[in-house]
Amino acid sequence: MRKHLFDSDQGVYPFQQKPKEVRGKKLTKEAEIRAAIEAAFDVQEIEIVNESSRHAGHSGDDGSGESHFAMRLRAPELAGLSRVARHRAVHKALGAPLVASIHALSLDLG
């Protein structure tokens, strides 16, 4: 199941997110994704893989090495939701600025 962030109901998000910092250090996008998801859900299982190197030089590669991700998430809040509702819940948890800063996010949700 692959979901590209530009395939949303509202189209491409028109803004970019400034990198978040903790104690003066820039968080990686992977760390930002993990923090947002863990704050929003009772995570039973999470795996986030940065697949950006597989897309180097392709459309959507911004050169940051943080443009393409895959995430496997298991959380009770997602149980019973339709596939579309699960994707919307994850996008809401991530927030529009973070979603806009990622070119592609493959989601395996349950």
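Here's a quick rundown of the structure. Every value quoted in this text rests on a predicted model; they were computed, and no experiment measured them.

What counts as what
Residues numbered from 1 in each chain as written. Predicted model: local features only at pLDDT ≥ 70, side-chain atom pairs only at ≥ 80, totals over all residues. Heavy atoms only, no water. Helix = DSSP H or I, 4+ residues; strand = E, 2+ residues; numbered from the N terminus. Expected span 1.5 Å × (residues − 1). Buried < 20%, exposed > 50% of the residue type's maximum accessible area, 1.4 Å probe, protein only. Arc of directions from axis to C-beta. Contact = heavy atoms within 4.5 Å. Axes fitted to C-alpha atoms, helices over the stretch in contact; angles between N-to-C directions. Parallel < 35°, antiparallel > 145°, perpendicular 65-115°, else oblique. Left-handed = near helix turned anticlockwise from the far one by under 90°.

**Observations regarding helix 1 (residues 29–40)**
Line of reasoning, step 1. Helix length check: helix 1 (12 residues) gives 17 Å between terminal C-alpha atoms against 16 Å at 1.5 Å per residue, within 8%.
Line of reasoning, step 2. Along helix 1, the residues classified as buried are Lys29, Glu32, Ile33, Ala36 and Ile37. One face of helix 1 carries all of its buried residues, which in axial projection span an arc of 125°.
Line of reasoning, step 3. Buried residues along helix 1 sit against strand 4 (45–50), strand 5 (68–74), helix 2 (83–94) and helix 3 (96–100).

**What about the packing of helix 1 against helix 2?**
Line of reasoning, step 1. At a minimum axis separation of 8 Å, helix 1 and helix 2 run at an interaxial angle of 115°. Considered as vectors, helix 1 and helix 2 are oriented roughly perpendicular to each other. For the element pair helix 1 and helix 2, the recorded crossing hand is right-handed. Mapping the contact onto sequence places Ile33, Ala36, Ile37 and Ala40 in helix 1 and Val90, Ala93 and Leu94 in helix 2.

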